[in-house]
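Coordinate analysis (summary)
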Amino acid sequence: MTVLPDTGYVPTDEDRTSLDDWFAEYDAHSARRKIERMADMAVFPLNLVSDDSAGNGRTAQWNREQFVATMTRVMGEGGEDIAFRSTRTPVFLSPSLAVVFTDSTMTVEGRTRQLRYADILVRRHGVWAFQTMMQSGWGDNL
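These numbers come from a predicted model, not from an experiment. (Residues numbered from 1 in each chain as written. Predicted model: local features only at pLDDT ≥ 70, side-chain atom pairs only at ≥ 80, totals over all residues. Heavy atoms only, no water.)

**Details of the overall build of the protein chain**
A count of helical and extended segments in the protein chain gives 3 helices and 6 strands. For the protein chain, the N- to C-terminal ordering of α and β elements is α-α-β-β-α-β-β-β-β. Relative to the globule expectation of 14 Å for 142 residues, the C-alpha radius of gyration of the protein chain, 15 Å, shows essentially globular dimensions. The principal-axis extents of the C-alpha atoms in the protein chain amount to approximately 40 × 35 × 35 Å. Summarising the internal contacts of the protein chain: among those between residues at least 6 apart in sequence, 57% fall at separations of at least 24. Total accessible area on the protein chain stands at roughly 8,300 Å², and carbon and sulfur atoms take up 52% of it. Taking the average place of the 15 positive charges on the side chains of the protein chain and the average place of its 20 negative ones, the gap between the two points comes to 3 Å. (Helix = DSSP H or I, 4+ residues; strand = E, 2+ residues; numbered from the N terminus. Rg over C-alpha atoms; globule rule 2.2 N^0.38 Å. Contact = heavy atoms within 4.5 Å. Areas by Shrake-Rupley, 256 points an atom, 1.4 Å probe, with all protein chains shown as cover. Lys, Arg positive; Asp, Glu negative; His and termini not counted. Charge placed at Lys NZ, Arg CZ, Asp CG, Glu CD.)

**Concerning the packing of aromatic side chains**
Aromatic ring pairs are defined here through the distance separating the ring centres and the angle between the ring planes. Following the criterion strictly, the structure yields 7 aromatic pairs and no others. Seen from their ring centres, Trp 22 and Phe 23 are 4.8 Å apart, and the 90 degrees between their planes marks the pair as edge-to-face. With a centroid separation of 5.9 Å and an interplanar angle of 75 degrees, the aromatic rings of Trp 22 and Phe 130 are classed as edge-to-face. With Trp 22 in helix α1 (residues 13-31) and Phe 130 in strand β6 (residues 127-134), this residue pair connects regions lying 108 residues apart in the sequence. Like Trp 22, the residue Phe 130 is buried in the burial classification. An aromatic cluster of at least three residues, connected via ring pairs, comprises Trp 22, Phe 23, Tyr 26, Phe 44, Phe 67 and Phe 130. (Phe/Tyr/Trp six-rings, centres within 6.5 Å; stacked < 30°, edge-to-face > 60°. Buried < 20%, exposed > 50% of the residue type's maximum accessible area, 1.4 Å probe, protein only.)

**Focus on the side chain of Arg 123**
By secondary structure assignment, the location of Arg 123 is in strand β5 (residues 111-124). By relative accessible area, Arg 123 is classed as buried at 15%. Here the side chain of Arg 123 touches Ser 18 through a polar contact of 2.9 Å, side chain to side chain. The contacts of Arg 123, once residues within four sequence positions are left out, are Glu 14, Asp 15, Ser 18, Pro 95, Ser 96 and Trp 128. (Polar contact = N/O pair within 3.5 Å; in protein donor to acceptor, adjacent residues only side chain to side chain.)

Structure, rendered in structure tokens:
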């Protein structure tokens, strides 16, 4: 069992539901490779944190065009839908800030891959958006 840190903020049911709904929509766009719609759900410049093949930590900031181009290259432009099964552990810092840890199984064309990553999301005008994506192993693509 994961013990969440005490951030001083106890999320409401609406906080959790709104975040779950946001991820359901994002996952649906990802599954269908709707990269432009995925980009609509981000705040740019988008921060990225990873490590590279040499074991060094890497960071970058992408604009929308970089996000769309890279995600299109990584996810491909067609073929079979991608299936995701994810368990998310959000840590709310406030009603408008959350760090979300995700354990996910991605299946595409019969191949399965385990993913573990974290996102920082901000809620503006009642709508969540991701602002920072953090996952190991992608630094050479930044």
